[in-house]
Amino acid sequence: MREKPLKWRALAALGRMINSSIRLPFVPMGKRRTAIAVSTILEQMNYAYEATLPDGGSLKFFAPAYKPAFRGISLFTKQPEAPLWINSFSPEDILWDVGANVGAYSLYAAHRGVRVLAFEPEASNYFVLTRNIALNNLWKKITPYCIALSCQTEFSMLSSFHTVIGGSKHAFGDPKDSWEENDPVVMQQGMVAFSIDDLISRHGLPKPNHLKVDVDGIEEKILQGAPLTLQDDELRSIHIEVQKHKPKAEKQIHDIIQAAGFRLSIEDGVNIIYRRV
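These lines cover the structure that appears in this document, whether it is placed above or below. (Residues numbered from 1 in each chain as written. Predicted model: local features only at pLDDT ≥ 70, side-chain atom pairs only at ≥ 80, totals over all residues. Heavy atoms only, no water.)

Even without a glycine there, the phi angle at Asn 101 is positive, about 60°. With respect to the helices and strands, the residue Asn 101 is situated in the loop between strand S3 (94–98) and helix H5 (104–111). Phi is positive for Asp 216, close to 60°, though the residue is something other than glycine. Note that Asp 216 resides in the loop between strand S10 (210–213) and helix H8 (219–224). (Helix = DSSP H or I, 4+ residues; strand = E, 2+ residues; numbered from the N terminus.)

Right, here's the structure in full:
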């Protein structure tokens, strides 16, 4: 595990000091009343980062920790091709955001009038995702689902290699499928996964016009569960993250998408955009 930068460690130390100072005045009140007082104060200290958008609007990002704030701060810089891709959508298009995390791109798409289905299985990320939707009053545009997607409908475990709120690189099924394959698992939660085709044909979810897949590990399995959807002309573009350090999986992704009638449009590092020919 890499050591955190000095600036981060200094801020973390300051946070612990402030935490202790908040508790100190209430110690004479006893454990129960201290818990009520401190939790009430911390609840009122909830911070939301406000990102300014190119059209003059803004999006709020609930920030109970550093990572959820960073998702808002880096909205246009972490994956600069993603907002540009979203800008090409027509109003009322449908985006499936698979591996939505705390919802940065779901929020931006919804702000532009796009209908979004946001899939995020990790519990703490899903909590922040739903708070972000509520903060921005976008619940009529974004429908969040706390489920995984894979090649088939099944129950399994979602493995986490850290407990960072707003973090990534979790693994559904085999932990070795994650980008963090060599790190120890520190937490598992029970999870159900559906295939994309099952969600549409058996459960009536609306077909996507655009598909974003960023799950840090089983992208090829998700595509394997969507042969009918990939062949459907209603799906016009795909934004997907590939694992360059796993060339077999990378080739599978490329072959599946091209066989469905798409061609590579933009390649920016591990992030690739395909558009239907």
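From this point, things continue past the structure.
Glancing now at the nonpolar core. In terms of nonpolar packing, the biggest core is built from 36 residues, with Trp 96, Phe 119, Leu 149, Ile 238 and Ile 240 touching the most fellow members. The biggest single contributor to this core is strand S9 (residues 187–194), with four residues. Excluding residues within four positions of it along the chain, Leu 149 makes contact with Trp 96, Val 98, Phe 119, Ala 193, Phe 194, Ile 196, Leu 199, Ile 218 and Ile 222. In this structure, Ala 109, Val 116, Leu 138 and Ile 273 belong to the second largest nonpolar core, which totals 25 residues. (Core = buried A, V, L, I, M, F, W, Y, C linked by side-chain atoms within 4.5 Å. Buried < 20%, exposed > 50% of the residue type's maximum accessible area, 1.4 Å probe, protein only. Contact = heavy atoms within 4.5 Å.)

With that settled, consider the sheet that holds strand S6 (residues 148–149). Spatial strand order, S6-S9-S7-S8: four strands in an open sheet with mixed pairing. Of all strands in the sheet, those with a lone pairing partner are S6 and strand S8 (171–172), marking the two edges. As judged from the two bridges shared by strand S7 (residues 154–160) and S8, these two strands associate in the antiparallel manner. Each bridged residue has a counterpart across the sheet, and for Ser 159 the counterpart in S8 is Ala 171. (Pairing = 2+ DSSP bridges.)

Counted according to the given criterion, the structure contains six aromatic pairs. Between Phe 62 and Phe 127, the ring centres sit 5.8 Å apart and the planes meet at 90°, which makes this aromatic pair edge-to-face. Here the residue Phe 62 occupies a position in strand S2 (residues 58–62), and Phe 127 occupies one in helix H6 (residues 123–135), the gap between them amounting to 65 residues. Overall, Phe 127 belongs to the partly exposed group, its relative accessible area being 41%. Measuring from ring centre to ring centre gives 5.8 Å for Tyr 66 and Phe 70, while their planes differ by 35°; the resulting arrangement is tilted. Pair noted here: Tyr 66 and Phe 70 are both in helix H3 (residues 66–73), with a separation of four residues, about one helical turn. (Phe/Tyr/Trp six-rings, centres within 6.5 Å; stacked < 30°, edge-to-face > 60°.)

This paragraph deals with the pairing of strand S11 (residues 237–241). Of all five residues in S11, five are buried, a share of seventy percent or more. Of the two faces of S11, the one lined by Ser 237, His 239 and Glu 241 and the one lined by Ile 238 and Ile 240 are each fully buried. Pairing between S11 and strand S13 (residues 271–276): five bridges, direction antiparallel. Each bridged residue has a counterpart across the sheet, and for Ile 238 the counterpart in S13 is Tyr 274.

Moving on to the sheet that holds S10. Pairing in this open sheet of seven strands is mixed, and the strands run S5-S4-S3-S10-S11-S13-S12 from one edge to the other. Two strands lie at the open edges of the sheet, namely strand S5 (142–145) and strand S12 (262–268), each paired on one side alone. With direction set aside, neighbouring strand axes in the sheet form an average angle of 15°. Sheet topology places S12 next to S13; six bridges connect them, and they run antiparallel. Looking at S13, one finds that Asp 268 is bridged to Asn 271. Contacting S3, strand S4 (115–119), S5 and S10, H5 crosses the sheet at an angle of about 170° to S4. With respect to the sheet, H6 is in contact with S4 and S5, its orientation differing from that of S5 by roughly 165°. (Axes fitted to C-alpha atoms, helices over the stretch in contact; angles between N-to-C directions.)

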